[in-house]
Amino acid sequence: MSQGTAVPQSGPRLKLKGVGKYFDHDHKKLAVLEGIDLEVEAGEFCCLVGPSGCGKSTLLNIVAGLEKPDEGLVWANPREVSGPGPDRVVIFQDLALFPWLDVWDNVDFGLKNLGLPAGERRARVLKYLQLVHLQEFLHARLHQLSGGMRQRVALARSLAMEPEILLMDEPFSALDPHTRERLQQELQDIWAATGATILFVTHGLKEAVALGDKVVLLTTRPGRIQAVERVDLPRPRSVDDAPVLSISRRLKAQIGNWVDPVSRQEERV
Ligand SMILES: Nc1ncnc2c1ncn2[C@@H]1O[C@H](COP(=O)(O)OP(=O)(O)OP(=O)(O)O)[C@@H](O)[C@H]1O
Ligand SMILES: [Mg+2]
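Residues numbered from 1 in each chain as written. Chains lettered and ligands numbered in written order. Predicted model: local features only at pLDDT ≥ 70, side-chain atom pairs only at ≥ 80, totals over all residues. Heavy atoms only, no water.

Draft legend 1. Local environment of the overall build of the protein chain. Looking only at helices and strands, one finds seven helices and ten strands in the protein chain. Whereas a compact globule of 269 residues would reach a radius of gyration of roughly 18 Å, the protein chain reaches 18 Å, a difference of no more than 12%. Overall size of the protein chain, expressed as C-alpha extent along the three principal axes, is 50 × 45 × 40 Å. For the protein chain, the residues scored as buried account for 53% of the 269 residues in total. Distance between charge centroids for the protein chain: 1 Å, based on 33 positive and 35 negative side chains. (Helix = DSSP H or I, 4+ residues; strand = E, 2+ residues; numbered from the N terminus. Rg over C-alpha atoms; globule rule 2.2 N^0.38 Å. Buried < 20%, exposed > 50% of the residue type's maximum accessible area, 1.4 Å probe, protein only. Lys, Arg positive; Asp, Glu negative; His and termini not counted. Charge placed at Lys NZ, Arg CZ, Asp CG, Glu CD.)

Okay, structure coming up:
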């Protein structure tokens, strides 16, 4: 990619133009993403939904600067993306927390790398651990926490970096439904409090409709954008709200052919 092309400051926070990605598989070229055009505005909550293997994590990694697209361009904040940066922080599918560090040090880790002074680091760690309701577990070890609490640590760690764009890769998929719904509520509160721009990947249509200002539906691999739906319902929303279910059902009918190639199951909406 060429360096330094800038989109106007007033434009979208994130812009993808004609992004394509191929991987080598069995000595053949595997098309994973094709012709992705996407814009996310500052402060917008954008959800990407698509079946397993359609390239969602790959797309997030491209925005994070961890993978390079084979076609197309990506701009963020408002520079052309040419590698990772503290303006774009990813919460990975498998969390990537450090089990040998306690809660506090997990959140502090990235701040040390940012080179922030000790006083500001302390203030930020405390602020974000309070925001995710972990103030009573500041020095707990990770094995002493539930799955939902570990997910909150990962969220606090990413938020503490105060990135322009938060990239979340199925952050709640490993949680039981009750914990997942609580965190969906909390994430909406946090998003409202921080004004973050969020790109959130999920398998779940209901989750996407409940959380997103915009829901982007990807096709099965190679992932292409099949539809973009604006969701203007009042917040906070829950996956059980009648309007959320009704939009999810309509989208489900639209994408009818979506069967998860791994589980061979369709999501119930
Ligand atoms: N580093 C890589 N090398 C080769 N192939 C890869 C690599 N990363 C991903 N792939 C392939 O690209 C495709 C898309 O993978 P990706 O992880 O982006 O899918 P996904 O939509 O996030 O799936 P899931 O919902 O299961 O997380 C898959 O077929 C995968 O095997
Ligand atoms: Mg994935």
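Draft legend 2. Structural view of the nonpolar core. Core analysis: the biggest nonpolar cluster contains 53 residues, and L129, L187, I198 and F200 have the highest contact counts within it. Tallying contributions element by element places helix 4 (residues 147-160) first for this core, with seven residues. A domain split of this core shows at least three residues from each of domain 1 (1-87 + 163-269) and domain 2 (97-162). Sequence-distant contacts of F200, defined by excluding residues within four places in its chain, comprise F45, C46, C47, L48, M168, P171, F172, L187, E207 and L211. L38, C54, V63 and L167 belong to the second-largest nonpolar core, a separate cluster that totals 26 residues. (Core = buried A, V, L, I, M, F, W, Y, C linked by side-chain atoms within 4.5 Å. Domains from an automatic or database assignment. Contact = heavy atoms within 4.5 Å.)

Draft legend 3. Representation of the domain arrangement of the protein chain in the model. Looking at the assigned domains, one finds that the protein chain contains domain 1 (1-87 + 163-269) and domain 2 (97-162). For domain 1 and domain 2, the distance between their C-alpha centres works out to 25 Å. At the junction of the two partners, domain 1 supplies 15 residues and domain 2 supplies 14 residues. Surface buried jointly by domain 1 and domain 2 totals about 1,200 Å² across both partners, of which 75% is contributed by carbon and sulfur atoms. In this assembly, domain 1 and domain 2 are joined by one salt bridge. For R152, the salt bridge goes to E186, with nearest N and O atoms at 3.0 Å. (Buried area = accessible area lost by both parts, 1.4 Å probe. Salt bridge = Lys/Arg side-chain N within 4 Å of Asp/Glu carboxyl O.)

Draft legend 4. Just the pattern of salt bridges, in detail. A full pass over the atoms with the stated rule returns 17 salt bridges. Taking the shortest distance from any N to any O, the salt bridge between R250 and E229 comes out at 2.6 Å. Here R250 is found in helix 7 (residues 242-254), whereas its partner E229 is found in strand 10 (residues 225-230), with 21 residues between them in sequence. The class for R250 is partly exposed, based on a relative accessible area of 42%. Overlapping salt bridges, with partners in common, bring together E120, R124, K127 and E162 in one network.

Draft legend 5. Quick peek at unusual backbone geometry. In this model, N77 is joined to P78 through a cis peptide bond whose omega is -20 degrees. Tracing the backbone shows P78 in the loop between strand 4 (71-76) and strand 5 (79-80). Along the chain, R221 connects to P222 via a cis peptide bond; the corresponding omega equals -5 degrees. Here P222 lies in the loop between strand 9 (214-218) and strand 10.

Draft legend 6. Summary view of the site of ligand 1. Lining the immediate surroundings of ligand 1 are 15 residues, of which S52, G53, K56, S57 and T58 lie closest. K56 is positioned such that a nitrogen or oxygen atom in its side chain is 2.7 Å from an oxygen atom of ligand 1. Between an oxygen atom of ligand 1 and a side-chain N or O atom of S57, the distance comes to 2.8 Å. Notes on ligand 1: free accessible area 630 Å², of which the protein chains cover 65%. Elements with a minimum of two residues in the shell around ligand 1: strand 2 (28-40) and helix 1 (56-64). Along the lines of polarity and charge, the residues of the shell around ligand 1 split into five nonpolar, seven polar and three charged. (Near = heavy atom within 4 Å. Polar contact = N/O pair within 3.5 Å; in protein donor to acceptor, adjacent residues only side chain to side chain. Areas by Shrake-Rupley, 256 points an atom, 1.4 Å probe, with all protein chains shown as cover. Nonpolar A, V, L, I, M, F, W, Y, C, P; charged D, E, K, R; others polar.)

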